[in-house]
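Residue-level structural notes
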Amino acid sequence: MKDFAAIDFETANNQRSSVCSVGLVIVRDGEITDTFYSLINPEPNYYNYWCSQVHGLTRKDTDNAPVFPEVWRQIEALIEGLPLVAHNRPFDEGCLKSVFRVYQMDYPGYEFYDTLSASRRALPDLPNHQLHTVAEACGYQLKNHHHALADAEACAWIARKIL
């Protein structure tokens, strides 16, 4: 796959609609051509302990952040005509569909690919298929795991190697 957008969401709580950050990496002709990162004021706007432990974000970080529709307007232009790629597609696609529903936005039926399932087929001998493990096997050192942009960059690297 030479043209795609790798995407990663972090959530504030267990509600898929509670996206609090998004990372996006645009790949055209096999090369990274653009990146995008934004904090998002989540809906519902509360953080549970476990999510904050994973990504380090709290309500203080996102209280002044834009809401999802404002952020998505910026992303739409970047991803036009591109399939989306995520590591564990059901999570990220679920977040996207859920937040579209919450804001009563028409979901355009984005085409999604999954580097997690692809890595299980392409690299069956790995001890696990977590993002950092697969990224390392593909030659990428993920340094800031659970930061949405860092995770999207790792996903893009994996996708360029195995999709």
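Reading the values: the criteria
Residues numbered from 1 in each chain as written. Predicted model: local features only at pLDDT ≥ 70, side-chain atom pairs only at ≥ 80, totals over all residues. Heavy atoms only, no water. Helix = DSSP H or I, 4+ residues; strand = E, 2+ residues; numbered from the N terminus. Buried < 20%, exposed > 50% of the residue type's maximum accessible area, 1.4 Å probe, protein only. UniProt positions renumbered as here; feature names shortened; annotations may be inferred. 1 Å grid on protein atoms, 1.4 Å probe; cavity = no way out; pocket = protein on both sides within 12 Å on 5 of 7 lines; lining within 4 Å. Points joined across faces, edges and corners; volume = space filled by probe spheres on them. Disulfide = S-S within 2.5 Å. Pairing = 2+ DSSP bridges. Salt bridge = Lys/Arg side-chain N within 4 Å of Asp/Glu carboxyl O.

1. Here we look at the environment of serine 117
With respect to the element layout, serine 117 can be found in helix H5 (residues 115-122). Judged by its relative accessible area of 26%, serine 117 falls in the partly exposed class.

2. Examining the UniProt feature "domain: Exonuclease" (unreviewed entry) in the chain
Mapped onto this numbering, the UniProt entry annotates "domain: Exonuclease" (unreviewed entry) at residues 3-163. With 42% helix and 20% strand, residues 3-163 has end C-alpha atoms that lie 11 Å from one another.

3. Some details on the layout of surface pockets
For the largest pocket, the calculated volume is near 380 Å³. The element contributing the most residues to the lining of the largest pocket is strand S1 (residues 4-11), with 5 residues.

4. Comments concerning the state of the cysteines
Scanning the entire structure with this criterion turns up 0 disulfides. Cysteine 20 carries a free sulfur, and the closest cysteine sulfur to it, the one in cysteine 51, is 7.6 Å from it. Taking relative accessible area as the criterion, cysteine 51 reaches 12% and is therefore assigned buried.

5. Quick notes on the pairing of strand S3 (residues 31-39)
Relative to S3, strand S2 (residues 19-28) runs antiparallel, the two being bridged by 8 bridges. Across the sheet, residue valine 22 finds its bridge partner in S3, namely serine 38. Between the antiparallel neighbours S2 and S3 lie 2 residues, among them aspartate 29 with a positive phi of about 55 degrees.

6. What to know about the pattern of salt bridges
Inspection of every chain in the model, using the stated rule, returns 3 salt bridges. The closest approach of N and O atoms between glutamate 93 and arginine 89, which form a salt bridge, is 2.4 Å. Of this pair, glutamate 93 and arginine 89 both sit in helix H4 (residues 89-102), 4 residues apart, roughly one helical turn. Owing to a relative accessible area of 28%, arginine 89 belongs among the partly exposed residues under this scheme. Two residues, glutamate 93 and lysine 97, come together in a salt bridge whose shortest N-O distance is 3.7 Å. Within this pair, glutamate 93 and its partner lysine 97 are both found in helix H4, separated by 4 residues, close to a single helical turn. For glutamate 93, a relative accessible area of 10% gives the class buried. Each of the salt bridges in this network shares a partner with another, and the network as a whole consists of Arg89, Glu93 and Lys97.

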